[in-house]
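# Structural features, examined
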Amino acid sequence: MLSIQFTEEDKQALDYERFNYPDPRVQRKMEVLWLVSQGLSRSEVACLAGVSTKTVRRYIKRYKRGGIEALKQSLYRGRTSELEPHVQSLKEYFEKHPPCTVKEAQAAIERLTGIRREESQVCAFLKRLGLRRRKMATVPGKVDDAKKKGTARVPGRETQSPT
């Protein structure tokens, strides 16, 4: 079992950073260590913070190695898209052949790369490329001059409409 002692300054820093640090992942680390500094067991901390006991142990080890500054380092990098190697070629293609619909873009991506993505993912990808969706509206119909003037046209005769 890892034993750990917190200075009063560290407790105050953890208390402040658990709400004010810009990265929510780092805030969670600070919350976990703050709960540990309050004397709670690791299983209680894990339950309250919504993490596993292994995660609590990992955060404690990181804190022991480098203090609060070590906890502030976010090692999360996210996943890279399988479409990443094709970004340039797809961007050039869509600039020359803008798709009318997301389904059309989806089919083009699948045809060019062999990678199938859902419509929502295609929308997000096109947005990352800097391409915007254009909303189309219906073309208004022709206005009948008789209706404009307040008369109704009946085949064979014109009548005044009640207004």
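Quantities reported herein were computed from a predicted structural model and do not represent experimental measurements. (Residues numbered from 1 in each chain as written. Predicted model: local features only at pLDDT ≥ 70, side-chain atom pairs only at ≥ 80, totals over all residues. Heavy atoms only, no water.)

### What about the pattern of salt bridges?
Across all of its chains, the model carries eight salt bridges by this definition. For the salt bridge of Glu31 with Arg18, the shortest nitrogen-to-oxygen distance reads 2.9 Å. Placement of Glu31 in helix H2 (residues 24-37) and of Arg18 in helix H1 (residues 8-20) is noted, with a sequence separation of 13 residues between them. On the basis of relative accessible area, Arg18 is assigned to the buried category, the value being 11%. Between Lys103 and Glu119 there is a salt bridge, with the nearest N and O atoms lying 3.1 Å from each other. (Salt bridge = Lys/Arg side-chain N within 4 Å of Asp/Glu carboxyl O. Helix = DSSP H or I, 4+ residues; strand = E, 2+ residues; numbered from the N terminus. Buried < 20%, exposed > 50% of the residue type's maximum accessible area, 1.4 Å probe, protein only.)

### A short note on helix H6 (residues 102-113)
In an α-helix, one turn spans 3.6 residues, which is why side chains three or four residues apart end up on the same side. Look at H6: 16 Å from first C-alpha to last across twelve residues, which is about the 16 Å you get at 1.5 Å a residue. If you check which residues of H6 are buried, you get Val102, Ala105, Gln106, Ala108, Ile109 and Thr113. Viewed end-on, H6 has its buried residues packed into an arc of 165 degrees, placing them on one side of the element. The outward face of H6, more than 90 degrees from its buried face, is lined by the exposed residues Lys103 and Arg111. Where the residues of H6 are buried, they touch helix H5 (87-96) and helix H7 (119-129). Gly114 lies just past H6 and shows a positive phi near 80 degrees. (Expected span 1.5 Å × (residues − 1). Arc of directions from axis to C-beta. Contact = heavy atoms within 4.5 Å.)

### Overview of the packing of H5 against H7
Look at H5 against H7: their axes get within 11 Å of each other, and the N-to-C directions meet at 85 degrees. By the angle between their axes, H5 is roughly perpendicular relative to H7. Only Phe125, Leu126 and Leu129 of H7 make contact with H5, whose side of the interface consists of Val87, Leu90, Lys91 and Phe94. Looking at the contact of H5 with H7 residue by residue, the classes come out as six nonpolar, no polar and one charged. (Axes fitted to C-alpha atoms, helices over the stretch in contact; angles between N-to-C directions. Parallel < 35°, antiparallel > 145°, perpendicular 65-115°, else oblique. Nonpolar A, V, L, I, M, F, W, Y, C, P; charged D, E, K, R; others polar.)

### A closer look at the layout of surface pockets
If you add up the space inside the second largest pocket, you get close to 240 Å³. Lining of the second largest pocket is provided by Arg79, Thr80, Ser81, Glu82, Leu83, Arg117, Gln121, Ala124, Phe125 and Arg128. A per-class count over the lining of the second largest pocket returns three nonpolar, three polar and four charged. (1 Å grid on protein atoms, 1.4 Å probe; cavity = no way out; pocket = protein on both sides within 12 Å on 5 of 7 lines; lining within 4 Å. Points joined across faces, edges and corners; volume = space filled by probe spheres on them.)

### A look at H1
Relative to the 18 Å expected for 13 residues at 1.5 Å per residue, H1 spans 18 Å between its end C-alpha atoms, a close match to the ideal helical length. Against the buried residues of H1 lie H2 and helix H4 (53-72).

### Regarding the packing of aromatic side chains
Within the structure shown, the criterion is met by two aromatic pairs. Here Tyr93 and Phe94 contribute two aromatic rings whose centre-to-centre distance is 5.5 Å and whose plane-to-plane angle is 70 degrees, an arrangement assigned as edge-to-face. Looking at Tyr93, the relative accessible area reads 23%, which means it is partly exposed. Among the residues examined, Phe94 registers a relative accessible area of 2% and is labelled buried. Between Arg18 and the ring centre of Trp34, over which it is positioned, the NZ or CZ distance is 3.5 Å. (Phe/Tyr/Trp six-rings, centres within 6.5 Å; stacked < 30°, edge-to-face > 60°. Lys NZ or Arg CZ within 6 Å of the ring centre and 35° of its normal.)

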